[in-house]
Every structure is written in C-alpha cells, then in structure tokens.
Amino acid sequence: MDKLIIRGGNRLSGTIPISGAKNSALTLIPCALLTEEPVTLRNLPRLADIDGFQHLMTQFGVSHTIPGKRPEDFGRVVTLEAMRITSSVAPYDLVRKMRASILVLGPLLGRTGEATVSLPGGCAIGNRPIDLHLKALEAFGAEIELAQGYVKASAPDGGLPGGDFDFPVVSVGATENAVMAAVLANGTSRLFNAAREPEIVDLCNLLVAMGAEIEGIGTSDLTIHGVKTLNGATYKVMADRIEAGSYACAAAITGGEVRLEGACAEEMQATLHALRNIGVEVESDKHGIDVRADGPLKPVNLSTAPYPGLATDMQAQLMSLLCRAEGTSVLKETIFENRYMHVPELNRMGADIETEGRTAIVKGVGRLTGAEVMATDLRASMSLVIAALAAEGETQVRRIYHLDRGYERLEEKLQLVGADIERVGDD
Ligand code: UD1
C-alpha cells in the first residue's frame, strides 16, 4: 500500500486545477439507468470511487466507453448506455466497498419497477442509516422488504404512482434517490425539506436535460412530474467544491497564495466565509477563486450544517488550519456523530485539540511537527496532509487509499504549487 511523504514548510504558490465533483459524479452516473439512450458525462474525476461505480453499473448491463481523452489529461469523458437493464441486483461485494452504491436503488426501481440492493452497513464516520431513502420510496408507492442483508424494492404493476414525502432530517443521498425514482413515476411527487446541496442541483439539471420535469431546483421543496421516458444527454460535472475548499486550507496554512482554477465561489460561500473570518483573503471571478494568507490566522467558532451551511466534508480540513490560529476555536459537528477521527492524529503532530461529544476545542499552537499518521476516512486523511504541509520535518501519511477515493492526483496538484510531497510504496 502506498504512503505519502510530506516535508512541511514550503509556502504554496501557483494554480491548482479543480476537478469534477466526486459526490456529483456519484449521483450523475446512475442517471444512465433511467434511459435507453447514451448519457455522456464530461469532466468526470479520475478516482477510485468513480471507477468502482462504473464497474457497478456494468452489473446492470450498462456499457461504457471512454472516448478520446489522453490519460494524462484531467477530467474524463465517459458515455454510459443502458439500452436494456439485464439485472436489477446490486450485490454485497460491490456495495460494501462503496456506500454511494445505494444510489442505484431509486433509478433501478423507476426504470424496471424493481431493485434489490445490498444494505451498505456502517462506515468510519458513523452509523449512516438509509431509512429515509426507503421511506421516501414507500411514499411514492414502492413496497420495501428487508431480507438477508438486502433491500428489495418493488413498484406496483404499471410503475410507481408517485407521492409526497417530508424529510424529517435533511439527507443528500435520500433526496438523490427519491428524485431519481420520481422522474419516471406515473404521477407527480413532492419532496419537502429536501437537501439542496449544489450536487443535487447538478443532478436535477442533468435530469432536466434528459427530459425530466422538476420544479423548485435549488430549493428544499421539489415537485417532480413523472414522464414516460427520458432521453440521453451530454453533461459537464460541476467543479468539486470540497476539493477546492481543501486546497484553500492547504494554501492558507502555509501562508501561501493559490488560484483554484475552475472552482465556483457561489457554491462554497460558507467555506469562503469561514476562511475570510480566519483572516484569509479570498477573491473570485467566473473562472476560479484566489486565496491568499500572509497575515496571522484568527480563531473562529464554526458549526457544520446542511447546505447552504458549512459542509461537514470541510470540517476536518478547517480544523487543521485552525490549529495554527492565534487563539482558541470551537467547532461543532452537527451532521455525523463520529467525525473527529483525525483529532488524535493531529494531536500527535503537536496540535492541541479536545473533543467533547460533537464539540471540538482547538487551541492554536505555535508549531506542528511531522509524524507518522493515518486516517480512517477521506476528509480526515486530507486534514493530515494539510497539517503536514505546515509541520516542521517529515510526515508520513499512511492508508492513502482513502485519499485516492476523493482527490484526483493529489500529490501532482500539490507539487504544482511547490509542496514537497511524494508517493512511495509502503514497507
Ligand atoms: C453525502 C455525501 C457526504 C457528505 C454528506 C453530508 C455523497 C456520496 N456523500 O452523504 O460526502 O458528508 O452527504 O453532506 O454525496 N440519515 C439518516 N437516514 C437516512 C440518510 C441519512 O438518518 O436514510 C442521516 C445521516 O446519518 C446523517 C444525516 O442524515 O446524520 C445526513 O446524511 P446524508 O446527507 O444522507 O449523507 P450522505 O448522502 O450519506
């Protein structure tokens, strides 16, 4: 297994190209199940999770071609074609590797009237139930059975009638599944208190391009008028706002100056607001965002929340940055119950962080020091890379398969702006 070796202290400076959004891609790919015609996605990031999801799609009879692009280019173009669905079963072996596999449930049910998907199980950041995915589909008229670790969803003869569902908790994945199931329902479906993350807007925009009828895009109340069939489309995946935010933290912790080429400021206002309060200069135009940090970093109090609040996926990276602030910050994680796994590792690098339940108290320290560290999830791993960039001496980050799931060519992008980082085989 590979590891990253990072020698901290270099001030980052230059331009980092921002990739297509992983979380968006993971909900756009299963949309191909909704039509017989080809769906072409541009700007797909090259990531282990995306490869895994494409592989899962072949299970249902989806063919994919990767036209044209040179392997060294960022952003991949993939055409997915589900002329005929040959199976509507997502087996445990494929689902357990990737929680997002649950996102095939809605589109398979919508297209074929049935879907059998393995329950994804727990993950490092918490219990992560899927009850809301199932309740929304039931509200649309699906029958749900749970047996032998599988969810079996079926629609009445003639397809899903459609219906209304009011989410008791905002859920990104459950909203995505519900929208993908509703677009081919016989009637109209309404979702209240739906998630309105930019990735959901991206999903709705692709579906509209495929002929779906959706009202309220970008709001928490969505009305979806089912249509008989959908057509194919060509669509560009939005920029990854979490990747952009992560590199903004990386630049800031080194007192650097970096342009995030392709990032969209409008979709990451809460992160940019937090960075400005920390003392980072942020400017944006329609092609990207510039961040610059040459003064002292200030402590802040932050709380994660559903969009448009501060993304839970930015919590760990901002925490690393706050380790170098002049004073004490308080962070509150309101989305997942177990998302402070990076704290003990950051403390091993000289940070001074205490947690109590969902609150973390981060006392700024004069210096961080390199250490051997490893993390248990994607964003936690990135927080260690960020800390390492500012730490004295060498840090070794192990278990980097987490990073490969979500950051396209991480070390290459950081090298572009002057980081001393390399990937080596683990001993
Ligand atoms: C998605 C993102 C993940 C991000 C998260 C929150 C993808 C592939 N992943 O995950 O990176 O951290 O949104 O922004 O897009 N919940 C339930 N029942 C359910 C579903 C969720 O109780 O059926 C709870 C969860 O336990 C959690 C909260 O709702 O406390 C939000 O989770 P959700 O928005 O569903 O996260 P994911 O879609 O899994």
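Residues numbered from 1 in each chain as written. Predicted model: local features only at pLDDT ≥ 70, side-chain atom pairs only at ≥ 80, totals over all residues. Heavy atoms only, no water.

1. Comments concerning the overall build of the protein chain
Spelled out, the test is: Numbering of helices and strands runs from the N terminus, with a helix taken as a DSSP run of H or I at least four residues long and a strand as a DSSP run of E at least two residues long. Within these notes, the globule rule equals 2.2 Å times the number of residues to the 0.38 power, and the radius of gyration is based on C-alpha atoms. For every residue, the accessible area obtained with a 1.4 Å probe (protein chains only) is divided by the maximum for its type, and the residue is called buried under 20%, exposed over 50%, and partly exposed between those limits. Contacts are assigned to residue pairs that have any heavy atoms within 4.5 Å of one another. Every accessible area reported is derived by Shrake-Rupley at a probe size of 1.4 Å, with residue values counting cover from the shown protein chains alone.
Scanning the protein chain from terminus to terminus reveals 14 helices and 24 strands. In terms of overall dimensions, the protein chain is globule-like: its C-alpha atoms have a radius of gyration of 21 Å, near the 22 Å expected for 427 residues. Classification of the 427 residues of the protein chain by burial places 55% in the buried group. Counting only contacts in the protein chain whose residues sit at least 6 apart along the sequence, the fraction spanning at least 24 positions is 75%. About 16400 Å² of surface is accessible on the protein chain, with carbon and sulfur atoms providing 47% of the total.

2. Comments concerning the sheet that holds strand 21 (residues 359–363)
Through backbone hydrogen bonds, the strands of a sheet pair up, either in parallel or in antiparallel fashion. Rules: Two strands pair under a simple rule: DSSP has to find at least two bridges between them. Note on geometry: axes are C-alpha line fits, over the in-contact stretch for helices, and angles between N-to-C directions span 0 to 180 degrees.
The strand order across the open sheet formed by four strands is 18-19-21-20, and the pairing between neighbours is mixed. Either end of the sheet is taken by a strand with one partner, and the two such strands are strand 18 (301–303) and strand 20 (352–356). On average, each strand axis in the sheet is tilted by 15 degrees relative to the strand beside it, whichever way the strands run. Where strand 18 and strand 19 (residues 328–332) come together, three bridges link them in parallel fashion. The residue bridging Leu 302 from the neighbouring strand is Leu 331, located in strand 19. Of the strands in this sheet, strand 18, strand 19, strand 20 and strand 21 are in contact with helix 10 (residues 315–322), which crosses strand 19 at around 170 degrees.

3. What to know about the side chain of Asp 313
We count it as follows: A 3.5 Å cut-off defines polar contacts: any pair of N or O atoms within that distance qualifies, except that in protein one atom must be a possible hydrogen donor and the other a possible acceptor, and neighbouring residues in sequence count only when both atoms are side-chain atoms.
Its location among the elements puts Asp 313 in the loop between strand 18 and helix 10. Look at Asp 313 and you get buried, because its relative accessible area is 16%. Separated by 2.8 Å, the side chains of Asp 313 and Arg 339 make a polar contact. The residues contacting Asp 313, other than those within four sequence positions of it, are Asn 23, Ile 242, Arg 339 and Arg 379.

4. Regarding helix 4 (residues 105–112)
Taking burial as the measure, the eight residues of helix 4 include six buried ones, the bulk of the element. On its buried face, helix 4 sits against strand 7 (114–118), helix 5 (131–139), strand 9 (150–154) and helix 6 (172–182). Once helix 4 finishes, Gly 113 follows within two positions and takes phi at roughly 85 degrees, a positive value.

5. So, the pairing of strand 7
The element strand 7 is extensively covered by neighbouring structure, given that four of its five residues are classed as buried. As judged from the two bridges shared by strand 6 (residues 89–90) and strand 7, these two strands associate in the parallel manner. Bridging across to strand 7, Ala 90 finds its partner in Val 117. As judged from the five bridges shared by strand 7 and strand 9, these two strands associate in the antiparallel manner. Considered in strand 9, the bridge of Ser 118 is made with Tyr 150.

6. Focus on the packing of helix 8 (residues 241–253) against helix 10
The following threshold applies: Each angle gets one of four labels, with under 35 degrees taken as roughly parallel, over 145 as roughly antiparallel, 65 to 115 as roughly perpendicular, and the rest as oblique. Polar here means any residue outside two lists: the nonpolar Ala, Val, Leu, Ile, Met, Phe, Trp, Tyr, Cys and Pro, and the charged Asp, Glu, Lys and Arg; Gly therefore counts as polar.
The interhelical angle for the contact between helix 8 and helix 10, taken along N-to-C directions, is 5 degrees, at an axis separation of 9 Å. In terms of their interaxial angle, helix 8 and helix 10 are classed as roughly parallel. Contacts between helix 8 and helix 10 involve Ile 242, Ser 246, Cys 249, Ala 252 and Ile 253 from the first element and Gln 317, Leu 318, Ser 320 and Leu 321 from the second. Here the contact of helix 8 with helix 10 is built from residues that sort into six nonpolar, three polar and no charged.

7. So, the site of the ligand
Keep this limit in mind: Near, as used in this document, describes a residue that has one of its heavy atoms within 4 Å of the molecule or strand being considered. Note: domain ranges come from an automatic or database domain assignment.
If you check the shell around the ligand, you find 18 residues, and the closest are Asp 131, Leu 132, Ser 171, Asp 313 and Ile 335. Taking Pro 129, its main chain carries an N or O atom lying 3.3 Å from an oxygen atom of the ligand. The separation between an oxygen atom of the ligand and a polar main-chain atom of Gly 173 is 2.8 Å. In isolation the ligand has 750 Å² of accessible area, and contact with the protein removes 82% of it. Those elements that place two or more of their residues in the shell around the ligand are helix 1 (22–28), helix 5 and helix 6. Top element by residues in the shell around the ligand is helix 5. It accounts for three residues. There are two domains that each give the shell around the ligand at least three residues, and those are domain 1 (2–18 + 239–425) and domain 2 (22–236).

8. Overview of the environment of His 225
Here His 225 shows up in strand 13 (residues 222–225). For His 225, a relative accessible area of 23% corresponds to the partly exposed category. With 160 residues separating them in the primary sequence, His 225 and Val 385 have C-alpha atoms 45 Å apart. Leaving out residues up to four positions away in the same chain, His 225 has contacts with Val 183, Gly 187, Thr 188, Glu 213 and Glu 215. Looking at His 225, its side chain comes within polar contact range of the side chain of Thr 188, at 2.9 Å.

9. Some details on the nonpolar core
Cut-off, in case you're wondering: Nonpolar core, defined: a set of buried Ala, Val, Leu, Ile, Met, Phe, Trp, Tyr and Cys residues in which side-chain atoms within 4.5 Å join the residues together.
Core analysis: the biggest nonpolar cluster contains 76 residues, and Leu 191 and Leu 207 have the highest contact counts within it. Looking at which element gives the most residues to this core, the answer is helix 6, with six residues. For Leu 191, the contacting residues outside a window of four places in its chain are Phe 140, Phe 165, Phe 167, Thr 175, Ala 178, Val 179, Ser 220, Asp 221, Leu 222 and Ile 224. In this structure, Ala 248, Leu 310, Leu 346 and Leu 368 belong to the second largest nonpolar core, which totals 75 residues.

10. Considerations on the pattern of salt bridges
Stated precisely, the cut-off is as follows: Throughout this description, the term salt bridge denotes a Lys or Arg side-chain nitrogen within 4 Å of a carboxyl oxygen of Asp or Glu.
A full pass over the atoms with the stated rule returns 27 salt bridges. Note that Arg 405 and Asp 49 form a salt bridge whose closest N and O atoms lie 3.2 Å from each other. With Arg 405 in helix 13 (residues 401–406) and Asp 49 in helix 2 (residues 48–58), this residue pair connects regions lying 356 residues apart in the sequence. When its relative accessible area of 27% is taken as the criterion, Arg 405 is described as partly exposed. For Glu 345, the salt bridge goes to Arg 348, with nearest N and O atoms at 3.3 Å. With Glu 345 and Arg 348 both in helix 11 (residues 343–348) and three residues apart, this pair spans about one turn of that helix.

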